[in-house]
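For reference, the chains in residue letters:
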There are 2 protein chains.
Amino acid sequence: MSSRTYDDACATAHALDLIGERWALLVMRELMMGPRRFGDLRASLSGLSANVLTQRLEGLEAAGIVRRRRLPPPANVQTYELTEWGLEAEPILLTLGKWATRSPLHDPTLPFSPVALMLSFRAKFEAAKTKGMTVLIGFRFGEESFAVGVRKGVLSTERGVAVAPDVEVTGTPSAMAGLVYGKAPLAELERQGALSVTGDRAALQRFADLYVMPPKAG
Amino acid sequence: MSSRTYDDACATAHALDLIGERWALLVMRELMMGPRRFGDLRASLSGLSANVLTQRLEGLEAAGIVRRRRLPPPANVQTYELTEWGLEAEPILLTLGKWATRSPLHDPTLPFSPVALMLSFRAKFEAAKTKGMTVLIGFRFGEESFAVGVRKGVLSTERGVAVAPDVEVTGTPSAMAGLVYGKAPLAELERQGALSVTGDRAALQRFADLYVMPPKAG
DNA sequence: CGGCATCCGGGAAGATACTG
DNA sequence: CAGTATCTTCCCGGATGCCG
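This section reports on the structure supplied with the text. These figures come from a predicted structure and were not determined experimentally. (Residues numbered from 1 in each chain as written. Chains lettered and ligands numbered in written order. Predicted model: local features only at pLDDT ≥ 70, side-chain atom pairs only at ≥ 80, totals over all residues. Heavy atoms only, no water.)

Observations regarding the pattern of salt bridges
This structure, assessed with the given rule, holds 26 salt bridges over all chains. R36(B) is paired through a salt bridge with E144(B); the nearest N and O atoms lie 3.6 Å apart. Taken together, the residues R36(B) in the loop between helix 2 (24-31) and helix 3 (38-44) and E144(B) in strand 4 (residues 144-151) connect sequence positions 108 residues apart. The same class applies to R36(B) and to E144(B), which are both buried. Note that E90(B) is salt-bridged to R122(B), the shortest N-O span being 2.6 Å. Within this pair, whereas E90(B) is found in helix 6 (residues 90-100), its partner R122(B) is found in helix 7 (residues 114-124), the two being separated by 32 residues in sequence. With relative accessibility at 25%, the residue R122(B) sits in the partly exposed group. Salt bridges sharing partners connect three or more residues here, namely R36(A), D40(A), E144(A) and R159(A). (Salt bridge = Lys/Arg side-chain N within 4 Å of Asp/Glu carboxyl O. Helix = DSSP H or I, 4+ residues; strand = E, 2+ residues; numbered from the N terminus. Buried < 20%, exposed > 50% of the residue type's maximum accessible area, 1.4 Å probe, protein only.)

Here you go:
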């Protein structure tokens, strides 16, 4: 792929040859919840310029991590999606995220993409904390909707509108992260208009209470 | 750290801000089995030039991942070691390695550092396969020695000379990888002089048989 | 507008030489 | 041995423009 290789038989080094270039893993992150279009990726990754995105998609496609698909007419648009093997890279993203949560330099006030929020739910989920909890939450972040459920100690996160959810939340991923990770009071977030909630607020709060932040390092 | 940041609240993106620069994760890899000196790192990471290594060590130190320690006289040399939090990054390396093992482009004939071999043992170890096996192996790769043991379904890998091992192996990490991952016949490797073994060859073979390669992707 | 070339400035990476 | 200084090369990031 990249001409600048590590020339190292270690599989970890080879992984970095494949996906160690700037933006590559974040492009993969945005594809983790399903296919996306060129413009979607560009919109979710501010700072990534079009030419670099083109290069990354080419590289990832050549490596067998991303596949491009042209939808049949009348849609006739091109989408990018992860291959099966590309999807298997999810633990890499989750492990990186879990580790960096302890960084003293981490600034949670920066922009937060919807997909990143969903993956963070997966990364920090602990089945042992659910105690038989069952809940289905519908999220709406602008145009993007997600259904998040907990059932029998298993977390499910899917793109799409939730059917008959216990509670529906509209707002920004940042505000939702403030509730879950920053432990901001739900009533306060609603009062500010950062989140608007319809349905079972207590269920949403129970979901947020599943998550606790590890102590900072150093 | 790096002035070129992703400006993204996602913890995964922040991780890449911290350790996403070229060579950073491989420097951390070489520190995973204990403190090392500047020259050790350079020797293990061919292609990494001194100025870049200096920059990475400075950056990792500023981020709280690496600590530099000056040994007291008469040694009086400087060593670099991972902080506690830096050590916690090990799952990142293992996850990357496990994923990349399925890459069709992976070339296992390239140079292989001793530490990389030890970490690969950890990454691909499966307790369920050990079936009560107990074995202690001493490895010697040039100046570097390691003790690798399996006991009660737990793998231990430490730097240093093994005491009363079942079997001792001298050779290169690549040759050992050929035995374990390439399933090269031990007798053949010995005949070629790639490995020299004293002690219980069957125990070494049983250890190698713990490992199976997953199918390539694509 | 989506996708992808092209050009350019700045900065990081890579090789070499040099210093205590 | 452990870095530092310098120079070159190449990648990244931004802008522009071309086509469907």
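Following the structure, the description resumes.
A word on the protein's contact with DNA strand C
Near DNA strand C there are 18 residues, and of these F38(A), R22(B), W23(B), N51(B) and R56(B) occur at the shortest range. Per the 4 Å cut-off to the protein, sugar and phosphate atoms form 75% of the nearby atoms of DNA strand C. Here W23(B) contributes a side-chain N or O atom positioned 2.5 Å from a phosphate oxygen of DNA strand C. At the level of secondary structure, the elements contributing two or more residues to the surface near DNA strand C comprise helix 3 (38-44), helix 4 (50-62) and strand 2 (78-82) of chain A together with helix 4 (50-62) of chain B. At four residues, helix 4 of chain B tops the list of elements feeding residues into the surface near DNA strand C. Counted by class, the surface near DNA strand C contains four nonpolar, eight polar and six charged residues. (Near = heavy atom within 4 Å. Polar contact = N/O pair within 3.5 Å; in protein donor to acceptor, adjacent residues only side chain to side chain. Nonpolar A, V, L, I, M, F, W, Y, C, P; charged D, E, K, R; others polar.)

Thoughts on the relation of the copies chain B and chain A
Each of the two chain copies can be generated from the other by rotation about an axis followed by a shift along it. Rotating chain B by 180 degrees and moving it 0.0 Å along the rotation axis overlays it on chain A with an RMSD of 0.0 Å. One copy is carried onto the other by what is essentially a two-fold rotation axis. Comparing interface residues between copies, 100% of those in chain B also lie at the interface in chain A; the contact surface is shared. (Least-squares fit on C-alpha atoms with pLDDT ≥ 70 in both. Contact = heavy atoms within 4.5 Å.)

Quick word on the protein's contact with DNA strand D
Residues in close proximity to DNA strand D total 19 residues, the closest being R22(A), W23(A), N51(A), R56(A) and R37(B). Sugar plus phosphate: this is where 67% of the atoms of DNA strand D within 4 Å of the protein reside. At a separation of 3.3 Å, a phosphate oxygen of DNA strand D approaches a polar backbone atom of G47(A). The separation between a phosphate oxygen of DNA strand D and a polar side-chain atom of Y80(B) is 2.9 Å. Of the residues belonging to the surface near DNA strand D, the class tally is five nonpolar, nine polar and five charged.

Considerations on the sheet that holds strand 3 (residues 135-141) of chain A
Residue and element names in this part refer to chain A. Reading across the sheet, the five strands line up as 5-4-3-6-7 and stay open at both edges, with mixed pairing between neighbours. Looking at which strands have only one partner, the edges of the open sheet turn out to be strand 5 (154-159) and strand 7 (195-199). Across the sheet, the mean angle separating the axes of adjacent strands is 15 degrees when strand polarity is ignored. (Pairing = 2+ DSSP bridges. Axes fitted to C-alpha atoms, helices over the stretch in contact; angles between N-to-C directions.)

Overview of the packing of aromatic side chains
One pass over the full model with this rule turns up 20 aromatic pairs over all chains. Plain terms: the ring middles of W23(A) and Y6(B) are 4.7 Å apart, the flat faces sit at 80 degrees to each other, and that makes the pair edge-to-face. With W23(A) in the loop between helix 1 (11-19) and helix 2 (24-31) and Y6(B) in the segment before helix 1 (11-19), the pair connects residues from two separate chains. Taking the relative accessible area as the measure of exposure, W23(A) reaches 8% and is therefore buried. Given a relative accessible area of 7%, Y6(B) falls into the buried group. On the basis of an interplanar angle of 45 degrees and a centroid distance of 6.4 Å, the ring pair of F121(B) and Y181(B) is categorised as tilted. Here Y181(B) lies in the loop between helix 8 (173-180) and helix 9 (186-191) and F121(B) lies in helix 7, a separation of 60 residues in the sequence. Residues F121(B) and Y181(B) agree in their burial class; the two are buried. Chaining the aromatic ring pairs together yields one cluster made of F121(A), F139(A), F141(A), F146(A), Y181(A), F207(A) and Y211(A). (Phe/Tyr/Trp six-rings, centres within 6.5 Å; stacked < 30°, edge-to-face > 60°.)

Comments concerning unusual backbone geometry
Backbone geometry at K183(A) places phi at a positive 55 degrees, although glycine is not the residue there. By the secondary structure assignment, K183(A) is in the loop between helix 8 (173-180) and helix 9 (186-192). Even without being a glycine, D7(B) presents a positive backbone phi close to 50 degrees.

Notes on the nonpolar core
Ranked by internal contacts, the top residues of the largest apolar core, which has 146 residues, are I65(A), F121(A), I65(B) and F121(B). Setting aside residues up to four positions removed in sequence, I65(B) forms contacts with W99(A), L18(B), I19(B), M28(B), L60(B), E81(B), L82(B), T83(B), W85(B) and G86(B). (Core = buried A, V, L, I, M, F, W, Y, C linked by side-chain atoms within 4.5 Å.)

Some points on the sheet that holds strand 6 (residues 167-171) of chain B
Residue and element names in this part refer to chain B. Read from one edge to the other, the open sheet built from five strands follows the order 5-4-3-6-7, with strand pairing classed as mixed. Each end of this open sheet is capped by a strand with a single partner; those strands are strand 5 (154-159) and strand 7 (195-199). This sheet shows a mean twist of 15 degrees between the axes of neighbouring strands, independent of strand direction. The sheet contact formed by strand 6 and strand 7 spans five bridges and is antiparallel. The residue of strand 7 that forms the bridge with G171 is L195. Contacts from helix 8 reach strand 3 (135-141), strand 6 and strand 7 within the one sheet, and its direction differs from that of strand 7 by about 70 degrees.

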